[in-house]
Structures are given as C-alpha cells and as structure tokens.
Amino acid sequence: MDEYEAVIGLETHIQLNTNSKIFCGCKADSWEDPPNRNICPICTGLPGVLPVLNRTVVEKAVLLAAAMHAESIQPLSYLARKNYFYPDLPKGYQISQYDEPLARGGYFDVPLTEGATRRVRIEKVHIEEDAGKTIRKNDRRLIDFNRCGVPLVEAVTSPDLRSADEVAKYLIRLRQLVRWIGISEGDMEKGQLRCDANISIRPAGSEELNTKTEIKNLNSIDAARTAVQAEIGRQIEETSAGRAIHTWTLNWDEESETLTKMRSKETEADYRYFREPDLLPIRLEESWREEILAALPELPLDRRARFVEEYKLPEYDAEILTDERSLSRFFEETIGKYGGAAKTVSNWMMNDVLRLIRERGVHAGDLQLRPHHLAEIIRLLDDKKITTNVAKELLDKVQDSGRSPRSIVEEEGLAQVSDESALRTLAEQVLVDNPEQVETYKGGKTTVIGWFVGQVMKQSKGKANPQMVRQIFEDLLVD
Amino acid sequence: MGLTIEEVRHIALLARLRLTPEEEERYTEQLSAILEHAARLKEVDTSHIPPTATVLPLRAPLRPDEPRPSTPHKQILANAPQVKEGMFRVPPVLDVEP
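About the thresholds
Residues numbered from 1 in each chain as written. Chains lettered and ligands numbered in written order. Predicted model: local features only at pLDDT ≥ 70, side-chain atom pairs only at ≥ 80, totals over all residues. Heavy atoms only, no water. Helix = DSSP H or I, 4+ residues; strand = E, 2+ residues; numbered from the N terminus. Rg over C-alpha atoms; globule rule 2.2 N^0.38 Å. Buried < 20%, exposed > 50% of the residue type's maximum accessible area, 1.4 Å probe, protein only. Contact = heavy atoms within 4.5 Å. Areas by Shrake-Rupley, 256 points an atom, 1.4 Å probe, with all protein chains shown as cover. Lys, Arg positive; Asp, Glu negative; His and termini not counted. Charge placed at Lys NZ, Arg CZ, Asp CG, Glu CD. Buried area = accessible area lost by both parts, 1.4 Å probe. Salt bridge = Lys/Arg side-chain N within 4 Å of Asp/Glu carboxyl O. Nonpolar A, V, L, I, M, F, W, Y, C, P; charged D, E, K, R; others polar. Pairing = 2+ DSSP bridges. Polar contact = N/O pair within 3.5 Å; in protein donor to acceptor, adjacent residues only side chain to side chain. Domains from an automatic or database assignment. 1 Å grid on protein atoms, 1.4 Å probe; cavity = no way out; pocket = protein on both sides within 12 Å on 5 of 7 lines; lining within 4 Å. Points joined across faces, edges and corners; volume = space filled by probe spheres on them. Phe/Tyr/Trp six-rings, centres within 6.5 Å; stacked < 30°, edge-to-face > 60°. Lys NZ or Arg CZ within 6 Å of the ring centre and 35° of its normal.

Enquirer: Just checking my understanding: could you explain the overall build of chain A for this structure?
Expert: Within chain A, the regular secondary structure consists of 15 helices and 18 strands. Compactness check: chain A gives a C-alpha radius of gyration of 30 Å against a globular reference of 23 Å for 479 residues, more than 25% above the reference. Across the 479 residues in chain A, those meeting the buried criterion constitute 50%. Expressed as a percentage of contacts within chain A between residues at least 6 apart in sequence, the contacts between residues at least 24 apart total 69%. Summed over all atoms, the accessible surface of chain A reaches about 22200 Å², with 47% contributed by carbon and sulfur. Chain A carries 65 positive and 80 negative side-chain charges, and their two centres are separated by 3 Å.

Following this line, the structure appears as structure tokens:
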C-alpha cells in the first residue's frame, strides 16, 4: 500500500477576553449567566440600530497578528457582511472581514519532538462577531443570544500541518500564546478556542493538493486530534479502494465520536460578502499601532530559547518554566533575588512551586509566596540554617501567611538542629528501641541506616541535620 | 444576463423560501429583468475612478471597552413568537432542508 501524508489547514476562532461585546456595550462574558441576559437591540439585530466598534478588540487582534509575525498589519482594513440564515444569527448576517482583513501573512512555529519545528504559515488574521447558541431539546430549538456579538479573532493557516498530532500541538501552542499575550483565556471547555480543519491526503513526498473536506466544530484539543485522525483514516481507506474524495463539510459529534456529513449547500458566493455599510473602515495609525505593540511581551518560544542560552537550563526545564508567562517571570525574579545557580531555582520551581500552584489551582502570579520568599528559603537551605524538609514546609507556610520565611523559622523554632550531643541522645534511643533493625544492620544489610536516620528526622520534626545524624549512626553502629 | 430557473431555486433555498412552480417561473423572469436593468451601470466607463467604499471620512469611530447595562431580557423576549426556559423557541429549520 502507498504511504500517504495528510495536508491540514486550520481556521481557529479565539474568543477575546474583552469586558464588552464587539459592537455594543453588553457584557461579553456570560459563562455564569442565565440565557439572554446580556443582550440588547444591537446584538439581537433589531431594526434601526447601529454598531460601534470596540477599540480593545482591534488592539487585541493586532497583538495576535504581531505575535504571529504578520507580514502586514494593515493600516486600513474593512469590515464585511457575511449573509446567511440561521436561527442563532438574528441579523441574518455576521459582521466579519473578508477581502481586506486586519493582517495578512506571518507564521507560527510549533515545536515537534526531538528539536524539530513545524513552521505553520498564517494566511490572515481578522476580527468578527460570534453568533448565539442553539440548544437542542428533542424537537425544540431554543436560542440563547448571550454569545451574539462576543468578539472573535480568526487566524487562518496555510495547509502546513501533516498529522492529527500536529493539529493538537498547534492548538496547545496557540492556547499558550493567547494566554501569554493576554488576549483570551483560551479555555476550550468554554468554547473560547474553536477550530475548523481542512483535510486532504496525498502520496507522501508529493506536492499536489487534492480534494479536501472540512470538519466543523472542533471544540477541544482531544476532539480535534481524534476527529482529524478519523478523517485521515477514512480518506486513506477511500483512496486505497479507488473511490473519490468529495468536498464534504463534516460535523464532529463529540458524544459518539463520529463524523457526519452536513447538509450545507452554501458556497462562498452564497454568502454575498460585501463591505459592511454600517461601519467605517478600521484605520490603524502608526502612533496607535506603536502604542499597541509596545505591550507585546517576549514570546514563549523566544523566552524558552533564552532560558536555555542565558541560564544554561536543560530544554526540559525551559519548556516547563515557560509554559505560562507569570511562571517564567517568577523564575527570573527568583534568580535575580537569589543570585545562586539557576538550575537550583529551576528544581525548586519544577518540583515544589508547581506542586503548590497545582494544589492551590492558581497561576504563579497569584501566589502569596513571592520570588523573594523563594530566594530566601533556598538561601536558608544553602546556609544550612534549615533542612530540606523544613524548606518544603516553608513554601506552604509562606503561601498561607504571607510572612517572611526567616521570621517563620524563628517564631516556630524550625532552625536545623546541629547540636551533636542532642542528636546523639536521640540516635542512641532509636537503637535501643529497635533491636531487630540493629540485628539486620549487623547481619550486613547496611542500607537500614537510612531508616534509622528517618526515625531521628521524624522525632525532630524534620529539623535534624541529616548528614550529621547519619554520621552519628555510622559511629554508633561500628561499636 | 438572464437567470436560470435552477439559480432561482438555489436562491430561494438560501433565503429559506418555498416557491410554487408558477412563482419560480415568474421570479426567473422578474429577477432577470431587474439584473438586466442594473447591468446598465456597466455601460458607464469607470476605469479612471478609484473604488469608493464610503463617502464618509475613512475612519471608524471607536468605543472604549466598558460594559453598559443590557436591555431587560423580558423586553427583548417579548418579541419572540414563543419563549421557552428564557430562550427564543424556533422550529428546527435546517433539519427539514430538501
């Protein structure tokens, strides 16, 4: 059988995290609201109303375009009217952009395994309004207009992805990016990141573009991966059997994990796109554009590369530390305060700070434990003022109280015990209490010494100097 | 510049209109006449005139991103032919498409 490769392009819709909708002052986020609470004559398309563009929508879309290395962020772009009839689109048209989008060109790099990178070309980035939601209840169709007019930015890629796994990786990186630059929460569960995938196959290594199908409504990374994989499999099966691929539009049903053909008969011409007469063009003056781009931070992959270069971190560490922007900032600030080895800070971040973040369900930026606290804890440990156990406990104690590690150590008496005679007394007692283990040791199983040390650590509530305790046991057991 | 009856049927489908065979005939004729009339604009030589999307100054007024109170939902739902669970109830149009 011939080897095939998949050719995949994505259209991703990203819900922007503005306060208000794109063309009216209704609240944009309705996640916790009952249906139809954040609606008005503008977003429900009542006659005689006029839309007014939200400034922040343009700014956030420009940020995304710049982060995707747009070749041209257009100084003048136009809104367009896309006409179609659907119950959750009350105006009978969607205000979008068409022939003159906000930005053209660019690329987005998606790291693959073993250092390889897929450079995905971006064809365009444009803004548009979201439609409402149709809720299906048996034979009823119920419409909630809360989502009508929520701002979206759409990024259209060239057909540069080659597998379902690359699709998933693209979405994961895009989600990271939109959160990083602060334009969207990128929560797929809440529909803030949705995608349509255009898929065709060809013999591996060839350059031809064959008939493609489009899968709509991919609302999670898992759904995108599974649906794209299923469609690639179907196309290979059809082609191998000598049957043709038709330009179908497919719907992914998440519950049954199946693709069904949609009975959509609309083609591009049927949308009757024309320049939106109710809105003037978007003029992006040089000064405004500069003002927006001044807020563009160092991007995740650039920061990752810099962490490897500047701090000599392993790729693995750099990847984890740049997963989220406030985490990467926490790391760098801690290094600044600590002044010691970056790898030491990285280990503390990856093991203990991340545990704390996961347990508390917050971002690094929201922790009460601040970088100077972490730096102080590591310093106390380096100076042998506290044990590793106590250092780990301190993270939680600082997070809960917001107090400085040093004052907690003093007030709670957590300083490391290096008083040899006190530790020797404890150790002798452990040997007296555990004659069986002493026999085991003397029988040649010397690893049991770790267990003895553990007993003293427990009795000292983690404060005993473990190296000293080990030394004491070695002395005692020789006799 | 005439329309075919197939094109009229397609347009009717897009507009979710159900036409009788007589209407299809009549609208094919009428729409063709309208298109032909509009096509007379093509006779004007516009080669030296730049395309004009609007005659107004080329700059959209922008709104600060500040939420304002929405319309009381009952007021907007009052326009619905049928309301169910705080939502507009509609017939399942697309499912009965030919």
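Enquirer: Looking at this structure, I do not really get the interface of chain A and chain B. What am I missing?
Expert: Reports of interface size often rely on the accessible area that becomes lost once the parts have come together. Listed per partner, the contact involves 49 residues of chain A and 40 residues of chain B. Interface area, chain A with chain B, both sides summed: about 3900 Å², of which 57% is carbon and sulfur. At the boundary of chain A and chain B, one finds 1 salt bridge. Measuring nitrogen to oxygen at the nearest pair gives 2.5 Å for the salt bridge that ties Lys137(A) to Glu85(B). Those elements that place two or more of their residues in the side of chain A that touches chain B are strand S2 (53-54), helix H1 (55-67), strand S10 (133-137) and strand S11 (140-144) of chain A. Examining the composition of the side of chain A that touches chain B, we find that 5 residues originate from one element, S11(A), more than from any other. When its residues are assigned to classes, the side of chain A that touches chain B shows 23 nonpolar, 9 polar and 17 charged. The pairing of S11(A) with strand S3 (residues 87-90) of chain B spans 3 bridges and is antiparallel.

Enquirer: How should I be thinking about the side chain of Asn83(A) in this particular structure?
Expert: Residue and element names in this part refer to chain A. If you trace the backbone, Asn83 turns up in strand S5 (residues 80-83). For Asn83, a relative accessible area of 9% translates into the label buried. A polar contact of 2.8 Å, which involves the side chain of Asn83, links it to the backbone oxygen of Arg272. Excluding its chain neighbours within four sequence positions, the residues that come into contact with Asn83 are Gly92, Tyr93, Asp270, Tyr271, Arg272 and Phe274.

Enquirer: Sorry if this is basic, but what is going on with the pairing of strand S12 (residues 151-157) of chain A here?
Expert: Along any regular strand, the residues point their side chains to alternate faces of the sheet. Residue and element names in this part refer to chain A. In terms of burial, S12 is largely enclosed, as 7 of its 7 residues are buried. Burial along S12 is two-sided: the face carrying Pro151, Val153, Ala155 and Thr157 and the face carrying Leu152, Glu154 and Val156 are both buried. As judged from the 5 bridges shared by strand S1 (residues 4-15) and S12, these two strands associate in the antiparallel manner. Paired with Thr12 across the strands is Ala155, a residue of S12. Taken together, the 7 bridges between strand S9 (residues 117-129) and S12 define a ladder with antiparallel strand orientation. Directly across from Lys124, in S12, lies its bridge partner Val156.

Enquirer: How should I be thinking about the domain arrangement of chain A in this particular structure?
Expert: The domain boundaries assigned to chain A delineate domain 1 (4-293), domain 2 (300-412) and domain 3 (420-478). Taking only C-alpha atoms into account, the centre of domain 2 of chain A sits 32 Å from that of domain 3 of chain A.

Enquirer: Looking at this model, I keep getting lost on empty space enclosed by the protein. Mind explaining?
Expert: If you roll a probe as big as a water molecule over the atoms, it shows you where there is empty space left. Residue and element names in this part refer to chain A. By the definition in use, this model includes 3 cavities of 30 Å³ or more. Space inside the second largest cavity adds up to approximately 40 Å³. For the second largest cavity, the full set of lining residues is Ile42, Cys43, Leu89, Pro90, Lys91, Glu129, Asp130, Cys148 and Gly149. A class-by-class count of the residues in the lining of the second largest cavity yields 5 nonpolar, 1 polar and 3 charged.

Enquirer: How do you make sense of the packing of aromatic side chains when you look at a structure like this?
Expert: How two aromatic rings sit relative to each other is set out by the distance from centre to centre and by the angle between their planes. Residue and element names in this part refer to chain A. Taken as a whole, this structure holds 10 aromatic pairs over all chains when the rule is applied. On the numbers, 5.0 Å between centres and 50° between planes, the contact of Phe307 with Phe331 is tilted. On the criterion of sequence distance, the pair formed by Phe307 in helix H5 (residues 300-311) and Phe331 in helix H7 (residues 325-338) is long-range, its members being 24 residues apart. Under the relative-accessibility criterion, Phe307 is labelled buried at 0%. Here Trp451 and Phe452 contribute two aromatic rings whose centre-to-centre distance is 5.8 Å and whose plane-to-plane angle is 65°, an arrangement assigned as edge-to-face. Look at Phe452 and you get buried, because its relative accessible area is 0%. Connected via pairs of aromatic rings, a cluster forms that spans Tyr84, Tyr98, Tyr271 and Tyr273. Sitting over the face of the ring of Tyr93, Arg81 holds its NZ or CZ atom 3.7 Å from the ring centroid. Note that Arg275 overlies the ring of Tyr78, its terminal NZ or CZ placed 3.9 Å from the centroid.

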